[in-house]
Amino acid sequence: MSDETKSPSPQPEGEKPSSDKIAGGISSGTPPPGGAKPPAPPEKPAAAAGTTPPKPAAPGEKPAAAAAPAKPAAPAKPAGPTPQPWDSPLVAKLTRQFGSGIQPLTYLGQNYLQVDRSLIPTILQMLRDEEQFDYCVDITAVHYPKREKQFDLVWILYSFSKNERVRVKTQIADGEHIPSAVPIWVAANWLERETFDMFGIQFDGHPDLKRILLPDGWKGHPLRKDYGIIQQDQEWVQINLGIESGQ
Amino acid sequence: MTDPNSSVSHLDLEESKKTFLDANELVINMGPQHPATHGVLRVILRLDGEKVMGLECVIGYLHRGVEKIAEHRTYTMFNPYVDRMDYVAAVSNGLGYCEAVEKLLNIEAPPRANYIRVILTELNRLASHQLWLGTHALDIGAMTPLFYTFRDREEILKIFEKYCGARLTTHAFRIGGCQYETYEGFEKDVKKFLTFVAPKIDEYEELLTTNRIWVERTKKVGTISAKDCIALGVTGPVLRASGVKWDLRKAQPYAAYKQFDFEIPTGQNGDTYDRYLVRMAEMRQSLRIIQQAVDAIPEGPIMAKVSKVIKPPVGEIYHSIEAPKGELGYFIVSDGSTQPYRVRVRPPSFVNLQALDLMCRGQLVADVIAVIGTLDIVLGEVDR
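Residues numbered from 1 in each chain as written. Chains lettered and ligands numbered in written order. Predicted model: local features only at pLDDT ≥ 70, side-chain atom pairs only at ≥ 80, totals over all residues. Heavy atoms only, no water.

Caption draft 1: Highlighting the pairing of strand E4 (residues 135-143) of chain A. Residue and element names in this part refer to chain A. For E4, the buried fraction is high: nine of the nine residues fall into the buried class. Two strands pair when backbone bridges link them, and E4 and strand E5 (residues 151-159) are joined in this way by eight bridges, in the antiparallel orientation. Looking across to E5, one finds that Ala141 is bridged to Leu153. (Buried < 20%, exposed > 50% of the residue type's maximum accessible area, 1.4 Å probe, protein only. Helix = DSSP H or I, 4+ residues; strand = E, 2+ residues; numbered from the N terminus. Pairing = 2+ DSSP bridges.)

Next up, the structure:
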């Protein structure tokens, strides 16, 4: 039942990354407007739900959902921070080289790069070779079923010499392939296998891309949002365990 | 294997695709039900006589879908689940999760809560290392340390039980601080434990450090270089035993660790013996930290101002701590609702286990057991 309560919430979520992008887009051009807004409506969050001009249309039945699309106007919560543009020598170097292909942002003191899918291999290679991000902490994905490019793919990197973390993010569509990072960091091997297992994302050039946590013959990728929490591969369970169902 | 420059490339494409045409090669299955695999780990060994040519780990037997469950629970409801991943260091798991959500909420636990957190987490690190030592020694054939370490670990579990009612899956912390104030006599109990356990650690060392059998079984076994550790993402005592002085408690301090004076023990050879020495030294450092924390524990509130319904703003966060086994990270994505949109756990055991193949190549079959033990994996965390 928590299943059903959860399923509506991805819907507003579909729009959030785009609003993130808008925030990034605005601020990269002119930072002041983003900064100038929050002071203006400090005690209006309740009223904002009724008065927001940008999106009076469909999805705003629930108050929670209404607050979300209203985000470009930034009335929501006084405490809610938004991603800010991130500036550093590394960023300057990257923007000089790749231009609008990357969006450097920072949120709650953590830096990340929103990167075009086509630039991913070059940027990852460069981060390791030239910027000493020699430790690949984690590779994972996030599923946004309502979005055209359904997956956010995330690389979390760390540099021992700089004691610095950076996240690289990109969006890919369902069924789209992405070059494997195993030639760059050997550690990517199992991490990519797990991402494949849980989301069905294909990594090209991976030495042995097969399931890691679930059994080999299993159908479906459990961490996708359309995979129910008690759902399972009935056929597999029946054949291999000889029972109707575990549930 | 011995050439440091080529060792990582062992894991390359060519190597893993090699067919087993050599007549001397024998493929043997170990586990998943094997007492020395510390849970349900299956290892497929490729042997040439007694020598390991390569191996493949098969994991997932304990997969419970923790990350999926998280998406269907509120932030508060998910908190106890994290204790069930690394169940011998449940306090560390809880600390990482609570701090990650606190970061997402942009709040901080009050100082007193942070001190309590440090004391309990370090006690848990000690308990985890004690359990590791006992079982690791047992695997190699030394039975006595198991009884010693379990006897002393019991005292830690008693403190946990008195503090929060649970011994293993403690759920000791809450988002925003701690739920429970320390019980009457908590400081006294902890101090008593410190004086009790310090000589016991010497006792363990007396049993093993210069023991000829122990040294023969661990020295130059499962060697891994610092370079390979970094390439494979290996963290924790395994990385430090290879000579990299890196500990998240120092590198990116969290909780109250900034206020304490302690060393990061390191090794040089990156073999099983060095990893043993590093963990023994870490136990002593934990005692130092606990001593300082319990002496200086401040008065004050134990809970930050957190609304009853936890609803972080839209955004994402990655937060990691130094768990007894290595870097334990939480990547949490919030969609502004009461349930996390995605929780990713970066388990140290999972990533460290990836190094098993490299560490076992060229070793004897019996050493595989020693290497699995020295990696200190917990399958509940590997599989989640």
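Caption draft 2: Quick look at the packing of helix H12 (residues 272-295) of chain B against helix H15 (residues 365-375) of chain B. Residue and element names in this part refer to chain B. At a minimum axis separation of 10 Å, H12 and H15 run at an interaxial angle of 30°. By the angle between their axes, H12 is roughly parallel relative to H15. Two packed elements cross with a definite hand, and for H12 against H15 that hand is left-handed. Where H12 abuts H15, its residues Thr272, Arg275 and Arg279 lie against Ala370, Thr374 and Leu375. For the contact of H12 with H15, the class distribution of residues is two nonpolar, two polar and two charged. (Axes fitted to C-alpha atoms, helices over the stretch in contact; angles between N-to-C directions. Parallel < 35°, antiparallel > 145°, perpendicular 65-115°, else oblique. Left-handed = near helix turned anticlockwise from the far one by under 90°. Contact = heavy atoms within 4.5 Å. Nonpolar A, V, L, I, M, F, W, Y, C, P; charged D, E, K, R; others polar.)

Caption draft 3: Representation of the pattern of salt bridges in the model. Applying the stated rule across the entire model yields 42 salt bridges over all chains. Between Glu176 of chain A and Arg117 of chain A there is a salt bridge whose closest N-O contact spans 2.8 Å. Remark: Arg117 of chain A occurs in the loop between strand E3 (110-115) and helix H7 (120-129) and Glu176 of chain A occurs in the loop between strand E6 (164-172) and strand E7 (177-179); sequence separation between them is 59 residues. The exposure class of Glu176 of chain A is partly exposed, given its relative accessible area of 24%. With a closest N to O distance of 3.5 Å, Lys210 of chain A and Asp208 of chain A form a salt bridge. Residue Asp208 of chain A is classed as partly exposed on the basis of its relative accessible area of 32%. Members of the salt-bridge network, linked through shared partners, are Glu122, Arg125, Arg240, Asp247, Arg249, Glu282 and Glu322 of chain B. (Salt bridge = Lys/Arg side-chain N within 4 Å of Asp/Glu carboxyl O.)

Caption draft 4: Structural view of the pairing of E5 of chain A. All names here are of chain A. In terms of burial, E5 is largely enclosed, as nine of its nine residues are buried. With nine bridges joining them, E5 and E6 adopt antiparallel strand pairing. Directly across from Ile156, in E6, lies its bridge partner Arg167. Where E5 folds back on E6, the antiparallel hairpin that results is connected by four residues, among which Asn163 adopts a positive phi of roughly 50°.

Caption draft 5: Quick peek at the sheet that holds strand E3 (residues 51-58) of chain B. All names here are of chain B. Within the open sheet, the three strands sit side by side as E1-E2-E3. Their pairing is antiparallel. Edge positions in the sheet fall to strand E1 (25-30) and E3, since each has one partner strand and no second. For this sheet, the mean inter-axis angle between neighbouring strands, taken without regard to orientation, is 20°. Strand direction decides the pairing type here: strand E2 (residues 42-48) and E3, joined by seven bridges, are antiparallel. Note that in E3 the partner of Leu45 across the bridge is Leu55. The strands touched by H15 within the sheet are E1, E2 and E3, with E2 carrying the most contacts at an inclination of about 145°.

Caption draft 6: Highlighting the packing of aromatic side chains. Counted according to the given criterion, the structure contains 22 aromatic pairs over all chains. Ring geometry for Phe78 of chain B versus Tyr97 of chain B: centroids 5.3 Å apart, planes at 75°, classification edge-to-face. Of this pair, Phe78 of chain B sits in helix H3 (residues 75-82) while Tyr97 of chain B sits in helix H4 (residues 90-105), and the two are 19 residues apart along the sequence. When the centroid spacing of 5.1 Å and the interplanar angle of 70° are considered together, the rings of Tyr254 of chain B and Tyr257 of chain B count as edge-to-face. Take Tyr257 of chain B: its relative accessible area is 1%, and that puts it in the buried class. An aromatic cluster of at least three residues, connected via ring pairs, comprises Tyr135, Tyr158 and Phe160 of chain A together with Trp246 of chain B. The ring of Phe173 of chain B carries the charged tip of Arg117 of chain B above its face, separated from the ring centre by 5.4 Å. Of note, Lys250 of chain B hangs over the ring of Phe262 of chain B, and the distance from its end group to the ring centre comes to 4.3 Å. (Phe/Tyr/Trp six-rings, centres within 6.5 Å; stacked < 30°, edge-to-face > 60°. Lys NZ or Arg CZ within 6 Å of the ring centre and 35° of its normal.)

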